[in-house]
Amino acid sequence: MDSRPIGVFDSGLGGLTAVRQLRRILPEEKIVYFGDTGRVPYGSRGRETITRYAAQGARLLLDHQVKVILSACGTVSSVAGELLEEACPCPYLEVVAPAVEAACRATRRGRIGVIATRATISSGKFQRLLQQKLPGAFLLAAPCPLFVPLVEEGHYQPGDPLVEDAMELYLSHFRQEQVDTLILGCTHYPLLAPAISAYMGDEVTLIDSGREAAEAVAALLREKELLAPTGQQGSCDCMVSDSAEGFSRLARIFLGETMEGHVSHVEPDVLESLRLTAGI
Ligand code: DGL
């Protein structure tokens, strides 16, 4: 038993879709979340910047005595995952591998699609893991750069004309190629799941990378006997690098519940001074 919190971080709000799943599966756990809302998006940045930001986020969480870190960001998981895993002194989990496992279990005809940010798709990590796990599968991967700003601006419901246009722009190829399983490789995308499902059709299985990662965290805590003591009051405290008020308002949408925990602001120069190791 371990009463320390689970540390979760993302470039912004998207990782809260993973927190939502963690709260559902592990209601007795304390969670400390860092959303780098002052520096979002990561998905259009280069490898070096993403790695530095990710290392600073991980250090911030480690300074809060977390027992495990979940990188609930497709971009960080794809671009800096291996490096963080090596450098973190506690167990580190990410969203790519669990989503790949789930897609390989779900696919009926071996036709798998991946949608994510530009940085995630160009890292090739989803494609590499899928090929290793299911050689010979048909894979189609493409970035959907407008999805994140649309979600952040509250446009994610089916029938919203902006959402419909974005679906047509990014997903028509996936429909033509008749993928049977589609990985939502960015933690913002689960909010768009009803619209994506309506566009792609019921027969296409959507894989929510945050949900799969939350299951992986639960399995790891069980295996390593790190679960919270029975009866512990679960909580979610957040740190953000932009305005705390703006975050709390939008967080409700991502979490599916009112933000009850404490939200604090981290100054950009404090973040910039953090190092995970001597190198990063
Ligand atoms: N959280 C990022 C991800 O899951 C999306 C937002 C961004 O580009 O930073 O890839």
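Residues numbered from 1 in each chain as written. Predicted model: local features only at pLDDT ≥ 70, side-chain atom pairs only at ≥ 80, totals over all residues. Heavy atoms only, no water.

A.B. asks: I'm lost on the side chain of Ser 241 in this one. Help?
C.D. replies: Relative to the assigned elements, Ser 241 resides in the loop between β9 (235-240) and α12 (244-255). Of note is the side chain of Ser 241, whose polar atom sits 3.2 Å from the backbone nitrogen of Thr 37. (Helix = DSSP H or I, 4+ residues; strand = E, 2+ residues; numbered from the N terminus. Polar contact = N/O pair within 3.5 Å; in protein donor to acceptor, adjacent residues only side chain to side chain.)

A.B. asks: What is the right way to read the sheet that holds strand β6 (residues 138-143) from this model?
C.D. replies: In sheet architecture, strand pairing relies on hydrogen bonds along the backbone and comes in two forms, parallel and antiparallel. Pairing is parallel across the open sheet formed by four strands, whose spatial order is β6-β5-β7-β8. The two strands at the open ends of the sheet, each matched to only one other strand, are β6 and β8 (205-208). Recorded for the sheet is a direction-independent mean angle of 20° between the axes of neighbouring strands. Pairing of strand β5 (residues 111-116) with β6, which is carried by six bridges, proceeds in the parallel orientation. Its bridge partner being in β6, Ile 112 is matched across the sheet by Leu 139. (Pairing = 2+ DSSP bridges. Axes fitted to C-alpha atoms, helices over the stretch in contact; angles between N-to-C directions.)

A.B. asks: When you look at the site of the ligand in this model, what are you seeing that I'm missing?
C.D. replies: Neighbouring the ligand are 14 residues, the closest being Asp 10, Ser 11, Tyr 42, Gly 74 and Thr 75. At 2.8 Å from an oxygen atom of the ligand is found a main-chain nitrogen or oxygen belonging to Gly 43. Gly 74 places a main-chain nitrogen or oxygen 2.8 Å from an oxygen atom of the ligand. In the complex, the protein chains occlude 99% of the 300 Å² of accessible area that the ligand would expose alone. Using a 2 Å cut-off from the grid points, one finds that the ligand occupies the largest pocket. Among the residues making up the shell around the ligand, the classes are represented as six nonpolar, seven polar and one charged. (Near = heavy atom within 4 Å. Areas by Shrake-Rupley, 256 points an atom, 1.4 Å probe, with all protein chains shown as cover. 1 Å grid on protein atoms, 1.4 Å probe; cavity = no way out; pocket = protein on both sides within 12 Å on 5 of 7 lines; lining within 4 Å. Sits in = over half its atoms within 2 Å of the grid points. Nonpolar A, V, L, I, M, F, W, Y, C, P; charged D, E, K, R; others polar.)

A.B. asks: Would you mind going over the layout of surface pockets with me for this structure?
C.D. replies: Left-over empty space is what a probe sized like a water molecule reveals as it rolls over the atoms. Roughly 260 Å³ of volume is contained in the largest pocket. Elements that contribute at least two residues to the lining of the largest pocket include exactly α3 (74-79), α6 (118-123) and α8 (147-152). Considered class by class, the residues forming the lining of the largest pocket number ten nonpolar, ten polar and two charged. Estimated volume of the second largest pocket: approximately 200 Å³. (Points joined across faces, edges and corners; volume = space filled by probe spheres on them.)

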